[in-house]
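Architecture at a glance
Here are the chains, one letter per residue:
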Amino acid sequence: MSSLPAAVSAAGASPSPSPSGSTPPAVPTLQDAQESATNAASWVEQNWSTWLAMGLQILLIVAVAVALRAVVRRAISKLIDRMGRSAQADAGALGGLLVNAERRRQRSAAIGSVLRSVASFLILGTAALMVLGTFKINLAPLLASAGVAGVAIGFGARNLVTDFLSGVFMILEDQYGVGDVIDAGVASGEVIEVGLRVTKLRGADGEIWYVRNGEVKRIGNLSQGWATAGVDVTVKASEDLDRVKSTLDEVAEKMSKEEPWNELLWGQIEVLGLDSVLIDSMVVRVSARTMPGKSVTVERELRWRVKRAFDAASIRIVGGATAVEDLADTPDPAATMAAPSVYSNADSPQSAAASPIAAQRPSPPAK
């Protein structure tokens with residue numbers, strides 16, 4: 001019993017165990033803090049001039065880039081506006097009809113947008129590279145990587161690049177615009193939107209065609225300059241040509257003086273003469289120069305007036321189904337002849353059925 005208190009007192013008197021190898025954290029002294037502050041101040045004092053120079057250089061680069069971008073964009077806008085005004089003044093009244101103000105405005109806006117985007121990309125890209133060079137960054141790997149990426153993108157998106165470049169040149173050369181009726185080879189119709197990659201066409205049946213600019217190999221613009229309305233009038237070969245020509249001249253003169261045809265016609269309606277002569281008919285060609293896109297309307301009205309004038313003058317128009325009816329009205333000489341009878345053929349079943357039965361001879365008696 002006396003050994004237990006002694007053991008407890010011995011255990012209480014022994015020091016508590018501590019992790020082997022651990023040392024108490026060092027508490028920084030005032031002298032250490034003073035040394036760190038002194039080192040930081042000396043480092044800042046040694047490099048502050050370099051930092052200030054770099055900051056001023058970057059600020060100067062950004063300021064020059066922004067100012068140059070604003071000046072270039074303003075110059076491009078003024079140049080586009082001046083080109084549009086000069087083109088409108090030089091074209092005169094006829095030019096105003098050929099290219100309307102809305103189309104000129106859209107074309108100028110598209111060209112200005114492309115030029116401003118290219119100028120902004122070049123100026124800001126150059127400024128970004130100069131800023132990176134200010135930070136002593138080696139631009140050679142970056143430029144090499146950009147070149148390789150550009151080549152890869154160029155090979156992968158060559159169709160996109162082709163469409164874009166074709167669209168830019170189509171707009172710059174003013175090959176067509178909104179409202180024009182064109183034949184692009186792959187599709188034809190009225191242009192409803194011109195883009196740098198795709199052109200939208202409204203077809204004759206109302207369908208919308210999306211034509212990639214890179215796929216267009218040829219373009220037939222039916223809305224630039226003027227159009228030609230041509231009508232072929234086919235009459236009998238026995239008609240008096242002078243009478244036919246005088247009737248057509250009266251129709252042309254009357255139509256040229258009436259509205260709205262006097263505005264759609266950009267020239268006199270001319271009787272060109274005989275286009276072809278056949279055995280029983282002849283074709284007289286009538287032609288007129290019209291406003292772009294209005295040739296079909298003028299042709300329909302001209303046919304209408306020619307038909308009424310010829311009916312009043314008792315000049316008959318032939319050709320097509322009418323010529324077939326003329327042949328049908330001619331009496332057929334074979335129609336007065338009776339159809340051959342089946343009884344005229346001795347081998348026909350009807351002739352054999354109608355032939356008399358031959359008399360039977362009595363057979364001789366058997367011996």
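Note that residues are indexed from 1 along each chain, following the sequence as it is written. Reporting of local features is limited, given that this is a predicted model, to residues whose pLDDT is at least 70; pairs of side-chain atoms are given and counted only at 80 or more, and all residues count toward the totals for whole chains, interfaces and linings. As a rule here, side-chain values come from all non-hydrogen atoms in the structure, and water together with hydrogens is ignored.

Turning next to the confidence of the model for the chain. Think of pLDDT as the predictor's per-residue confidence, scored from 0 to 100. Residue-level pLDDT values for the chain average 76, and 70% of them are 70 or greater. For the chain, per-element mean pLDDT is lowest for helix α1 (residues 3-13), which scores 46, and highest for strand β4 (residues 208-212), which scores 91. Pairs of residues are marked as contacts when any of their non-hydrogen atoms sit within 4.5 Å. For residues 321-325, every residue scores under 50 in pLDDT, and the model assigns this stretch 2 contacts once sequence neighbours within four places are set aside. A run of H or I in DSSP counts as a helix once it spans at least four residues, and a run of E counts as a strand once it spans at least two, with each numbered from the N terminus.

A few words now on the pairing of strand β2 (residues 188-194). Two strands pair when backbone bridges link them, and strand β1 (residues 181-183) and β2 are joined in this way by 3 bridges, in the antiparallel orientation. Each bridged residue has a counterpart across the sheet, and for Asp183 the counterpart in β2 is Ser188. For two strands to count as paired, DSSP must find a minimum of two bridges between them. Hairpin connection between β1 and β2: a loop of 4 residues separates the two successive antiparallel strands, and Gly185 in this loop has a positive phi of roughly 85°. In this structure, the hairpin formed by β2 and strand β3 (residues 198-202) is closed by a connection of 3 residues.

Pairing is antiparallel in the open sheet, where 3 strands are placed in the order β6-β8-β7. Edge positions in the open sheet fall to β6 (227-236) and β7 (270-277), since each of these has one partner strand only. Going across the sheet, the axis of each strand differs from the next one's by a mean of 25°, ignoring polarity. Judged from the 6 bridges that link them, β7 and strand β8 (residues 281-290) form a sheet pairing that is antiparallel. Considered in β8, the bridge of Val271 is made with Val286. Between N-to-C directions, angles span 0 to 180 degrees; the directions come from axes that are lines fitted to C-alpha atoms, helices contributing only their stretch in contact. Those strands touched by helix α8 (residues 295-312) are β6 and β8, and its axis lies near 25° from that of β6.

Turning next to the sheet that holds β1. Taken in spatial order, the 5 strands line up as β4-β3-β2-β1-β5 in an open sheet, and their pairing is antiparallel. The sheet terminates laterally at β4 and β5 (220-221), the two strands that pair on one side only.

This part covers the packing of helix α6 (residues 241-257) against α8. At their nearest, the axes of α6 and α8 sit 10 Å apart, and the two run at 130° to each other. Taken together, the axes of α6 and α8 lie oblique to each other. Here α6 runs over α8; the crossing is right-handed. Contacts between α6 and α8 involve Val244, Thr247, Leu248, Val251, Lys254 and Met255 from the first element and Val298, Glu301, Leu302, Arg305, Val306, Ala309 and Phe310 from the second. Residues were grouped as follows: Ala, Val, Leu, Ile, Met, Phe, Trp, Tyr, Cys and Pro as nonpolar; Asp, Glu, Lys and Arg as charged; and all remaining residues, including Gly, as polar. Looking at the contact of α6 with α8 residue by residue, the class counts come to 9 nonpolar, 1 polar and 3 charged. Our angle categories are set so that under 35 degrees counts as roughly parallel, over 145 as roughly antiparallel, 65 to 115 as roughly perpendicular, and the remainder as oblique. Put simply, a crossing is left-handed when the front helix is turned counterclockwise from the back one by less than a right angle, and right-handed when it is turned clockwise.

It is worth spelling out the packing of aromatic side chains at this point. The rule is short: rings of Phe, Tyr and Trp, with Trp giving its six-membered ring, pair when the centres are within 6.5 Å, and they are stacked under 30 degrees, edge-to-face over 60, tilted in between. Across all of its chains, the model carries 0 aromatic pairs by this definition. The rule is short: NZ of Lys or CZ of Arg within 6 Å of the ring centre and within 35 degrees of the ring normal puts a charge over the ring. Above the plane of the ring of Trp226 lies Arg289, whose end atom (NZ or CZ) is 3.7 Å from the centre.

This part is about the nonpolar core. Residues Leu248, Ile269, Leu302, Val306 and Phe310 are the most contacted members of the largest nonpolar core, which totals 25 residues. Secondary-structure elements contributing two or more residues to this core are β6, α6, α7 (261-264), β8 and α8. Setting aside its immediate chain neighbours within four residues, Val306 contacts Val233, Leu248 and Val251. Ranked by size, the runner-up nonpolar core spans 9 residues in total, among them Ile182, Val191, Leu201 and Val216. Nonpolar cores are built from buried Ala, Val, Leu, Ile, Met, Phe, Trp, Tyr and Cys residues. Side-chain atoms within 4.5 Å join them into one set. Each residue gets one of three labels from its accessible area relative to the maximum for its type: buried under 20%, exposed over 50%, partly exposed in between, using a 1.4 Å probe on protein chains only.

Put simply, Glu259 and Pro260 share a cis peptide bond, and its omega is 0°. Within the element layout of this structure, Pro260 appears in the loop between α6 and α7.

What follows deals with helix α5 (residues 158-172). Expected span, for any helix, means 1.5 Å times one less than how many residues it has. Its 15 residues give α5 an end-to-end C-alpha distance of 21 Å, which sits within 8% of 21 Å, the value for a rise of 1.5 Å per residue. All of the buried residues along α5 are Asp163, Gly167, Val168, Met170 and Ile171. Viewed along the axis of α5, the buried residues span an arc of 165°, placing them on a single side of the element. Positive backbone phi, approximately 55°, marks Asp174, located one or two places after α5. This arc is taken over the directions from the axis of the helix to the C-beta atoms.

So, about the pattern of salt bridges. Salt bridges are defined as contacts in which a side-chain nitrogen from Lys or Arg sits within 4 Å of a carboxyl oxygen from Asp or Glu. Counted under the stated rule, the structure contains 12 salt bridges. Between Arg212 and Glu215 there is a salt bridge, with its nearest N and O atoms 3.2 Å apart. For Arg212, a relative accessible area of 26% puts it in the partly exposed group. When the shortest N-O distance is used, the salt bridge between Arg285 and Asp232 registers 2.8 Å. Of the two residues, Arg285 sits in strand β8 while Asp232 sits in strand β6, which places them 53 residues apart along the sequence. Judged by its relative accessible area of 27%, Arg285 is partly exposed. Residue classification places Asp232 among the partly exposed residues on the basis of a relative accessible area of 41%. Among the ionic contacts, a cluster of salt bridges with common partners joins Asp163, Arg212 and Glu215.

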